[in-house]
Amino acid sequence: MIDLKLAQKQPEVVEKALKERHSKLDMREFRALDERRRALLAEVEALKGRRNAASDEVAAIKRAGGDASDRFAALGELSERIKKLDAEVAEVKAEEEAWLLSVPNLPDASVPQGADEKENVEIARWGTPRAFDFPPEEHGELGTRLGGLDFARAAKLTGSRFVVERGWAARLERALVNFFLDQHTKREGYIEIAPPYMVNRVTMTGTGQLPKFEEDLFKVRDWDYYLIPTAEVPLTNLHAGETLDEAELPLAYCAATPCFRSEAGSAGKDTRGIIRMHQFTKVEMVRFAHPDDSMNQLELMTGHARHLLELLELPYRVITLCTGDLGFSAAKTYDVEVWLPSQNTYREISSCSNCTDFQARRANIRFKPRGGKAAWAHTLNGSGLPTGRTMAAILENGQQKDGSVVLPKALVPYMDGVEVIEPAR
RNA sequence: GGAGGGGUAGCGAAGCGGCCGUAACGCGCUCGACUCGAAAUCGAGUUAUCGGUGAGUAACCGGUACGUGGGUUCGAAUCCCACCCCCUCCGCCA
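Counting restarts for each chain: residues are numbered from 1 in the order of the written sequence. Ligands are numbered from 1 and chains lettered from A, in the order in which they are written. Selection of residues for local features in this predicted model requires a pLDDT of at least 70, selection of side-chain atom pairs for listing and counting requires 80 or more, and totals for whole chains, interfaces and linings are taken over all residues. To get the side-chain values, take all heavy atoms of the structure and skip hydrogens and water.

Peer 1: When you look at the sheet that holds strand β13 (residues 366-368) in this model, what are you seeing that I'm missing?
Peer 2: Neighbouring strands of a sheet are bound in pairs by backbone hydrogen bonds; such pairs are parallel or else antiparallel. For two strands to count as paired, DSSP must find a minimum of two bridges between them. Each helix is a run of DSSP H or I of at least 4 residues and each strand a run of E of at least 2, with the numbering of both proceeding from the N terminus. If you walk across this open sheet you meet the three strands as β7-β13-β14, and the pairing is mixed. Looking at which strands have only one partner, the edges of the open sheet turn out to be β7 (243-245) and β14 (375-376). Direction of pairing for β7 relative to β13: parallel, over a ladder of three bridges. Looking at β13, one finds that Thr243 is bridged to Arg366.

Structure representation (structure tokens):
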């Protein structure tokens, strides 16, 4: 949520941000609601002031042993008017709140201007895509041929956009989770969390998935619970409603969880392989930072995601999302894209964002300097990394002419010494 | 699922329908006194949020908040209803 005061006092700043993001929201709607709310509030507060004063008088009379019942009729009428006005204020306030909740975060000044993903800016590249002397096989086919991925049975069990992993693939999944978590917890100082995979509506609202993106979520029937689309949701909300000690910052968490996404609106996209599933496993990094330090923290955290790909010997590039392509909660986002030989292109494998105070304001996450006043903390999140897309990249980049796959050396200890996945015979 | 107890400031906790929300009391925290310094002791201070006036995140005036949402009442932390969470016990269960 953006700052109410900012919208009231510097509407031009919000207006500019909305324009940069190519949003259709109109500040005039907000202005009308805000003015109406304040007018109603002034009116009802004056009436309440009168009621309070009168109540004090009644109390004084009663204490003195007098009879104040002749005042009750007029006061009752006053209370009725207050009740009606209160209801009106609540209605307008709810509308105003809904409007504010639908406003995306303000892009950071360093974010490049642009309308859509075509105007994202590449800022770094690592590794060289391998030259193949045979046509590289797509990872879904490859994984199926090697007996690790089973889309047919997943479709039988559930439906499309699910996969069954068998043998080496299931083992590789577990190896990747352990490898990622070990890097984060042992080398980079993240605290490992095992959170709930279902959260309530308030939690989903805190990180910005609700109310706007309900159709992207799986909802639990008869409960106000949702399956998490990413561990960002429970991790960021860990400190919802809390005031952190400034000395604790930056605070870093990581978690490996399944992620559930309805993928509404992406019908027909990425239908092959395991790039876009309804369920996938991801290790997520979340950081709570001091406002003055959060942009440094974004660089640091993006570095953690990049380092994993370097250890896995997977070529990648990093892009800065332009204003038009930024996610709802983010002020600045780096996407890390891994090389996929079968598609002859880089595909997103990690998205690292600084949400500044946008989620903190929704979820009420603050920090307090010693002796100072509490302020909104900044929250950041990034993938580090999803197992599925990483597995896709490992399979495609490591494939050999003989149909086998050579695994990255860093994973061998996690695979009980297995270096190559051989075709079954 | 059943029975009972509870939810009030950073924490613990008191609170006969009006004199209790700048919320008793205790702890903590901040500042000061004492001290070479510290501890102990003593003194002072210490809720958040919204609206108005205002250049002001200063000051002043007012509103709101006792888990959440309703209700009763001239007036609710206090009475009634529903829901949420925590604790104890019972049942069921991986």
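Peer 1: Sorry if this is basic, but what is going on with the protein's contact with RNA strand B here?
Peer 2: Think of it this way: one heavy atom of a residue within 4 Å of a molecule or strand is enough to make that residue near it. Among the 18 residues in the neighbourhood of RNA strand B, the closest are listed as Glu45, Asn52, Ala59, Leu75 and Ser79. Any pair of nitrogen or oxygen atoms within 3.5 Å is treated as a polar contact; in protein, a donor-acceptor pairing is required on top of that, and neighbouring residues in sequence qualify only through side-chain atoms on both sides. Interatomic distance of 3.2 Å between a side-chain N/O atom of Arg38 and a phosphate oxygen of RNA strand B. Contacts to RNA strand B include Glu45, whose side-chain N or O atom sits 3.1 Å from a base nitrogen. Of all the elements in the fold, those that place two or more residues in the surface near RNA strand B are α3 (27-63) and α4 (72-101). The element best represented in the surface near RNA strand B is α3, accounting for twelve residues. For this classification, Asp, Glu, Lys and Arg are treated as charged, while Ala, Val, Leu, Ile, Met, Phe, Trp, Tyr, Cys and Pro are nonpolar and the rest, including Gly, are polar. Its residues assigned to classes, the surface near RNA strand B shows five nonpolar, six polar and seven charged.

Peer 1: Where do I start with the pattern of salt bridges in this structure?
Peer 2: Where charged atoms from two side chains of opposite charge come close, those side chains can pair. When a carboxyl oxygen of Asp or Glu is within 4 Å of a side-chain nitrogen of Lys or Arg, the pair counts as a salt bridge. Counted under the stated rule, the structure contains 27 salt bridges. Where Glu96 meets Arg37, a salt bridge forms, and the shortest distance between an N and an O atom there is 2.5 Å. Taken together, the residues Glu96 in helix α4 and Arg37 in helix α3 connect sequence positions 59 residues apart. The exposure classification of Glu96 matches that of Arg37, with both residues buried. A simple rule labels every residue: compare its accessible area, found with a 1.4 Å probe on the protein chains alone, to the largest value its type can have, and call it buried under 20%, exposed over 50%, or partly exposed in between.

Peer 1: Can you help me understand the pairing of strand β11 (residues 332-340) in this one?
Peer 2: Counting buried residues in β11 gives nine out of nine residues, a clear majority hidden from the surface. Direction of pairing for strand β10 (residues 316-320) relative to β11: antiparallel, over a ladder of five bridges. Bridge pairing links Tyr316 to Val338 in β11. Both β11 and strand β12 (residues 345-354) contribute to a ladder of nine bridges, which runs antiparallel. Counterpart to Thr333 in the pairing with β12 is Ser353. Adjacent in sequence and paired antiparallel, β11 and β12 are bridged by four residues, among which Asn344 carries a positive phi angle near 50°.

Peer 1: Help me understand the sheet that holds strand β15 (residues 378-386), please; the structure alone is not making it clear to me.
Peer 2: Across the sheet, eight strands lie side by side as β1-β10-β11-β12-β15-β9-β8-β4; this open sheet has mixed pairing. Strands with a single pairing partner mark the edges of an open sheet, and in this sheet they are β1 (121-126) and β4 (191-192). In the sheet, β12 pairs with β15 via three bridges, with the strands oriented antiparallel. Looking across to β15, one finds that Cys352 is bridged to Gly382. Contact between two residues is taken to exist if any of their heavy atoms lie within 4.5 Å; hydrogens are not considered. Here an axis means a line fitted to C-alpha atoms, over the contact stretch when the element is a helix, while the angle between two N-to-C directions is reported on a 0 to 180 degree scale. Relative to strand β9 (residues 279-289), helix α7 (residues 168-187) is tilted by about 5°, and along the sheet it contacts β4, β8 (251-260), β9 and β15. Set on the sheet, helix α10 (residues 294-311) makes contact with β1, β9, β10, β11, β12 and β15; between it and β15 the angle comes to about 5°.

Peer 1: Sorry, what's going on with the packing of α7 against helix α12 (residues 387-398) here?
Peer 2: Two quantities define a packed helix pair, namely the angle between the helix axes and the distance between the axes. The contact between α7 and α12 brings their axes to 10 Å, and the two run at 115°. On the basis of their axis angle, the class for α7 and α12 is roughly perpendicular. Between α7 and α12 the crossing geometry is right-handed. Residues Trp168, Ala169, Leu172, Glu173, Leu176, Val177 and Phe180 of α7 lie in contact with α12, whose contacting residues are Thr387, Thr390, Met391, Ile394 and Leu395. Class assignment of the residues belonging to the contact of α7 with α12 gives a composition of nine nonpolar, two polar and one charged. Each angle gets one of four labels, with under 35 degrees taken as roughly parallel, over 145 as roughly antiparallel, 65 to 115 as roughly perpendicular, and the rest as oblique. The hand of a helix crossing depends on one turn: near helix anticlockwise from the far one by less than a right angle means left-handed, and clockwise means right-handed.

Peer 1: Can you walk me through a positive patch on the surface in this structure?
Peer 2: On the surface, Lys5, Lys9, Arg366, Lys368 and Lys373 cluster together into a positively charged patch. If you list the elements that add at least two residues to the positive patch, you get α1 (4-9) and β13. Among the secondary structure elements, Lys373 is positioned in the loop between β13 and β14. Each patch is built from salt-bridge-free residues with over 30% relative accessible area, joining like charges within 9 Å and nonpolar side chains (Val, Leu, Ile, Met, Phe, Trp, Tyr) within 5 Å. Each accessible area is a Shrake-Rupley result for a 1.4 Å probe, and residues are judged covered by the shown protein chains and nothing else. Positive charge is attributed to Lys and Arg, negative charge to Asp and Glu, and no charge count is given to His or to the chain ends. Note on charges: their place is set at NZ of Lys, CZ of Arg, CG of Asp or CD of Glu.

Peer 1: What's the story with α12 in this structure? I'm lost.
Peer 2: To estimate the expected span of a helix, count its residues, drop one, and scale the result by 1.5 Å. Under the 1.5 Å per step criterion, the end-to-end length of α12 is 16 Å for twelve residues, consistent within 8% with the ideal 16 Å. Across the twelve residues that make up α12, a large majority, twelve, are buried. Those residues of α12 lying buried are Thr387, Gly388, Arg389, Thr390, Met391, Ala392, Ala393, Ile394, Leu395, Glu396, Asn397 and Gly398.

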